[in-house]
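Examination of the molecular architecture
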Amino acid sequence: MLINIIGKDAARLSLARWYNQVAEAEFKSFNTISDTIYEHYEEILNFFNNRSTNASAESFNAKIKAFRASLRGVNDMKFFLFRVANIWG
């Protein structure tokens, strides 16, 4: 169900309704997801303050992890940071 959410209060209400629907449905596979959302709902709702996310930081972190994995261990941290800065800096 797609809902056009205008503000943080409307999002809070929509999230509460979703959480209640999941609890009533008793889908065990959703327990972990709903517990995580319940624990972090304020952080999730902060998106509605200025409509921004940390997606670019997460993407950059994934790139660094992939680069580090391709080296199979880094002994020289200065050289590693030099390479990271030259590739994505």
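Conventions adopted
- Residues numbered from 1 in each chain as written.
- Predicted model: local features only at pLDDT ≥ 70, side-chain atom pairs only at ≥ 80, totals over all residues.
- Heavy atoms only, no water.
- Helix = DSSP H or I, 4+ residues; strand = E, 2+ residues; numbered from the N terminus.
- Rg over C-alpha atoms; globule rule 2.2 N^0.38 Å.
- Expected span 1.5 Å × (residues − 1).
- Buried < 20%, exposed > 50% of the residue type's maximum accessible area, 1.4 Å probe, protein only.
- Phe/Tyr/Trp six-rings, centres within 6.5 Å; stacked < 30°, edge-to-face > 60°.
- Patch = residues over 30% accessible without salt bridge, like charges linked within 9 Å, V, L, I, M, F, W, Y side chains within 5 Å.
- Areas by Shrake-Rupley, 256 points an atom, 1.4 Å probe, with all protein chains shown as cover.
- Salt bridge = Lys/Arg side-chain N within 4 Å of Asp/Glu carboxyl O.

1. Quick word on the overall build of the chain
Across its full length, the chain holds 6 helices and 0 strands. Counting helices and strands in the order they occur from the N terminus, the chain gives α-α-α-α-α-α. Computed over the C-alpha atoms, the radius of gyration of the chain is 20 Å, more than 25% above the 12 Å expected from 2.2 N^0.38 for a compact globule of 89 residues. Counting only C-alpha atoms and orienting by the principal axes, one finds that the chain spans roughly 55 × 30 × 20 Å.

2. A few points about helix α5 (residues 55-71)
Side chains three or four residues apart in an α-helix point the same way, a direct result of the helix having 3.6 residues per turn. In this model α5 runs 25 Å from its N-terminal to its C-terminal C-alpha over 17 residues, within 8% of the 24 Å that 1.5 Å per residue would give. Within two residues after α5, Arg72 carries a phi angle of roughly 55°, on the positive side.

3. Focus: the environment of Ala10
Tracing the backbone shows Ala10 in helix α1 (residues 8-25). Taking relative accessible area as the criterion, Ala10 reaches 36% and is therefore assigned partly exposed. In this structure the C-alpha to C-alpha distance between Ala10 and Leu45, which are 35 residues apart in sequence, comes to 10.0 Å.

4. As for the packing of aromatic side chains
Tallying each qualifying case throughout the model produces 6 aromatic pairs. Ring centres of Phe27 and Phe30 lie 6.1 Å apart, and the angle between their planes is 45°; on these two criteria the pair is classed as tilted. Accessibility expressed as a relative area gives 47% for Phe27, which makes it partly exposed. Assessed through its relative accessible area of 32%, Phe30 is described here as partly exposed. An aromatic cluster is present here, built from Tyr19, Tyr38 and Tyr41 joined pairwise through their rings.

5. Overview of unusual backbone geometry
Even without a glycine there, the phi angle at Glu26 is positive, about 55°. Within the element layout of this structure, Glu26 appears in the loop between α1 and α2 (31-39). Taking the relative accessible area as the measure of exposure, Glu26 reaches 64% and is therefore exposed.

6. Remarks on the environment of Tyr38
Take Tyr38: it is sitting in helix α2. The spacing of Tyr38 and Leu15 is 23 residues in sequence and 9.1 Å in space, taken between C-alpha atoms.

7. A closer look at a nonpolar patch on the surface
A cluster of nonpolar side chains, namely Phe27, Phe30 and Ile33, defines an oily patch on the protein surface of about 280 Å² accessible area. Its location among the elements puts Phe30 in the loop between α1 and α2.

Keep in mind these values describe shape, not function.
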